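# Reading the structure
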Amino acid sequence: MDADQVRRINLFEVLAEASGIDASSVEADAVDWTEEDIHTYFESRGVYVPTKAADPLVVVYGAYGYTAELIVHHALERGFTKRARLRLAGRDEAKLRGLANSISDPKVEAVACSLQDPDALDRLLVGAVLVLHAAGPYEDTCQAMAEACLRTKTHYCDLSGEIDSFDF
């Protein structure tokens, strides 16, 4: 059995167990089914089967700062873009462009955006699952980004150790 067959059988077994459907009568045949066949089988029995979405999007705001740049390069060296897309962001378009050009990965993009523009922040975060906020001083910058994350339902993480920034 090859790796794709094992993956499809695992999908089949997880869906059967999660849905409570006794699929033992067709399990042996499922080895040769495509992923679409598996989805059709369970959907025809009233089971919601989520399709594989595009790779998740992570935004790094303040990406050209010292610590954020280290994090970005570290993540890329470890194959981050095999599993996710990366959007580098910050106020300075020239610095972002320079960083993005040094990376040359089609799953990495750069977007300049001001923290003073809530609409632009919302557009920046569209489709993102997480923002790593790395633009300090955090007592001046975290509130705008955290509020944008709340509006767009994006997870928020920052590098702050500034206790005052937790009070907004």
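The model shown is predicted, which means the values in this text are computed figures rather than measured ones. (Residues numbered from 1 in each chain as written. Predicted model: local features only at pLDDT ≥ 70, side-chain atom pairs only at ≥ 80, totals over all residues. Heavy atoms only, no water.)

Here glutamine 116 shows up in the loop between β3 (108-112) and α5 (118-125). For glutamine 116, a relative accessible area of 68% translates into the label exposed. (Helix = DSSP H or I, 4+ residues; strand = E, 2+ residues; numbered from the N terminus. Buried < 20%, exposed > 50% of the residue type's maximum accessible area, 1.4 Å probe, protein only.)

Glancing now at the packing of α5 against helix α6 (residues 138-152). In the contact formed by α5 and α6, the axes pass within 9 Å of each other and the chain directions differ by 60°. Taken together, the axis directions place α5 and α6 in an arrangement best described as oblique. Remark: the crossing between α5 and α6 carries right-handed chirality. Contact with α5, carried on its side by Pro118, Leu121, Asp122 and Leu125, involves Ala144, Met145, Ala148, Cys149, Arg151 and Thr152 of α6 and no other residues of that element. (Axes fitted to C-alpha atoms, helices over the stretch in contact; angles between N-to-C directions. Parallel < 35°, antiparallel > 145°, perpendicular 65-115°, else oblique. Left-handed = near helix turned anticlockwise from the far one by under 90°. Contact = heavy atoms within 4.5 Å.)

Below, the discussion takes up the sheet that holds β3. Sheet strands associate in pairs through backbone hydrogen bonding, adopting either a parallel or an antiparallel arrangement. Sheet architecture is open: 5 strands sit in the order β3-β2-β1-β4-β5, paired in parallel fashion. Both edges of this open sheet fall to β3 and β5 (155-158), since each of them pairs with a single strand only. The sheet shows a mean angle of 20° between the axes of neighbouring strands, direction not considered. Pairing analysis gives 5 bridges linking strand β1 (residues 57-61) to strand β4 (residues 128-133), with the strands arranged parallel. Among the inter-strand pairings, tyrosine 61 is bridged to a residue of β4, identified as histidine 133. Relative to the sheet, helix α3 (residues 66-77) contacts β1, β2 (85-90), β3 and β4, its axis offset from that of β2 by approximately 165°. (Pairing = 2+ DSSP bridges.)

What follows is about unusual backbone geometry. Note the cis peptide between glycine 136 and proline 137, where omega equals 0°. With a phi close to 45°, serine 104 is a non-glycine residue in the positive phi region. Under the relative-accessibility criterion, serine 104 is labelled exposed at 63%.

Once that is clear, we can look at the packing of aromatic side chains. In this description, an aromatic ring pair is defined by two values, namely the gap between the centres and the angle between the planes. Enumeration according to the criterion identifies 2 aromatic pairs in this entry. Pairing tryptophan 33 with tyrosine 41 gives two aromatic rings, centres 5.4 Å apart and planes at 50°, and the pair type is tilted. Each ring, one from tyrosine 41 and one from phenylalanine 42, has its centre 5.0 Å from the other, and the planes form 85°; the classification is edge-to-face. The exposure classification of tyrosine 41 matches that of phenylalanine 42, with both residues buried. Grouping aromatic residues by their ring pairs yields a cluster made of Trp33, Tyr41 and Phe42. (Phe/Tyr/Trp six-rings, centres within 6.5 Å; stacked < 30°, edge-to-face > 60°.)

Within the largest apolar cluster, 17 residues are counted, with the highest numbers of intra-cluster contacts made by Val60, Val72, Leu86, Leu88 and Ile103. Sorting the residues of this core by element identifies β1, α3, β2, α4 (93-103) and α6 as the ones contributing at least two each. Of the residues forming this core, the biggest block, 4 residues, is contributed by α4. Not counting residues within four places of it along the chain, the set of residues in contact with valine 72 comprises Val60, Leu86, Leu88 and Ile103. (Core = buried A, V, L, I, M, F, W, Y, C linked by side-chain atoms within 4.5 Å.)

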